[in-house]
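The primary structure of each chain is shown beneath.
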Amino acid sequence: MRLIAKIALALCVLYAGVMPLSAQRTYEPKFYIGAKGGATMSSVAFTPHVKQSLLPGMLMGVSARYTEEKIFGLIGELLVEQRGWKENYEGAPFAYSRQITYVSLPVLTHIYFGSEKFKGFVNLGASVSYMLGSSISSDFDYANALDQPGFPSHRSVEQMSMELKNKFDYGIIAGIGMEFVIKKKHSITLEGRYYFGLGNIYPSSKKDVFSGSRNSTISVALGYLFRVK
């Protein structure tokens, strides 16, 4: 995961450096505003490891896009999205999930290609988030998990009842998608993204239970864009 994060960050820096080199080209600037919504599948990268399945959630929000070069642009978004994790008990009759809702602000480099009617694109950048709240779904007393008959005694249980101390999250985003221009000023986009958190949801000092607890999210979203300029 750290290797993926370093590669994506390096690509962001590379494309940001390439953009000024093409500034002498003549191209009509375009500005779009719009909305988007979709689904998320999330987990948390715990260290030490916690066995998990992906937790389904949702995202929705507004976006703005500015393009000034032939193939480059910038995107800013304001989103409400759900992250979190779902414990995997490998067949044991227990269920636990914790969903965390964030308001997030992604800022992305937009690299696109194709025709006037259909385009493919790659988005790379970073996001900062603030936790709005969280909820727990469980069919057992997770605060006393090891006292439950049949509960796997080898599992870590602290993460289920710990308070979320770090309300801020930040990380990097890589996305790929397509855009359909349905009218001169109207577009529909479909995008898949991967978000890798660089912050921890739990304290991570030497005395704490987890040295790492980073959000990881795959999302698919459908968007609508209106060209203002």
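This text follows the structure it describes.
Residues numbered from 1 in each chain as written. Predicted model: local features only at pLDDT ≥ 70, side-chain atom pairs only at ≥ 80, totals over all residues. Heavy atoms only, no water.

1. Description of the overall build of the protein
Secondary structure assignment for the protein yields 2 helices and 9 strands. From first element to last, N terminus to C terminus, the protein shows the α and β order α-β-β-β-β-β-β-α-β-β-β. Counting across all 229 residues of the protein, residues that qualify as buried make up 43%. A separation threshold of at least 6 residues defines the contact pool for the protein, and within that pool the share at least 24 residues apart is 70%. For the protein, the computed accessible surface area is about 12,100 Å², with 64% contributed by carbon and sulfur atoms. (Helix = DSSP H or I, 4+ residues; strand = E, 2+ residues; numbered from the N terminus. Buried < 20%, exposed > 50% of the residue type's maximum accessible area, 1.4 Å probe, protein only. Contact = heavy atoms within 4.5 Å. Areas by Shrake-Rupley, 256 points an atom, 1.4 Å probe, with all protein chains shown as cover.)

2. Things to note about the packing of aromatic side chains
Under the criterion given, the structure shown has 14 aromatic pairs. Between the aromatic rings of F46 and W85, the centroid separation amounts to 5.1 Å while the plane-to-plane angle is 80 degrees, which identifies the pairing as edge-to-face. With F46 in strand β1 (residues 30–47) and W85 in strand β4 (residues 72–87), this residue pair connects regions lying 39 residues apart in the sequence. Looking at F46, the relative accessible area reads 6%, which means it is buried. Taking the relative accessible area as the measure of exposure, W85 reaches 0% and is therefore buried. Here the aromatic cluster, defined as three or more aromatic residues joined through ring pairs, consists of F46, W85, Y96, Y142, Y202 and F210. Here the basic side chain of R83 rests over the ring of Y195, its NZ or CZ set 4.2 Å away from the ring centre. (Phe/Tyr/Trp six-rings, centres within 6.5 Å; stacked < 30°, edge-to-face > 60°. Lys NZ or Arg CZ within 6 Å of the ring centre and 35° of its normal.)

3. Regarding unusual backbone geometry
Between T47 and the following residue, P48, the backbone shows a cis peptide bond with an omega angle of 5 degrees. Tracing the chain through its elements places P48 in the loop between β1 and β2 (52–53). Positive phi outside glycine occurs at E90, with the angle close to 50 degrees. Mapped onto the elements of the fold, E90 is located in the loop between β4 and β5 (96–114).

4. Looking at the side chain of E81
Here E81 is to be found in strand β4. Taking the relative accessible area as the measure of exposure, E81 reaches 8% and is therefore buried. Among the polar contacts listed, one links the side chain of E81 to the side chain of R83, at a separation of 3.3 Å. Among the polar contacts made by the side chain of E81, one reaches the side chain of S104 at a distance of 2.5 Å. Aside from chain neighbours lying at most four places away, what touches E81 is M58, L59, I100, T101, Y102 and S104. (Polar contact = N/O pair within 3.5 Å; in protein donor to acceptor, adjacent residues only side chain to side chain.)

Read these as spatial facts, not as claims about activity.
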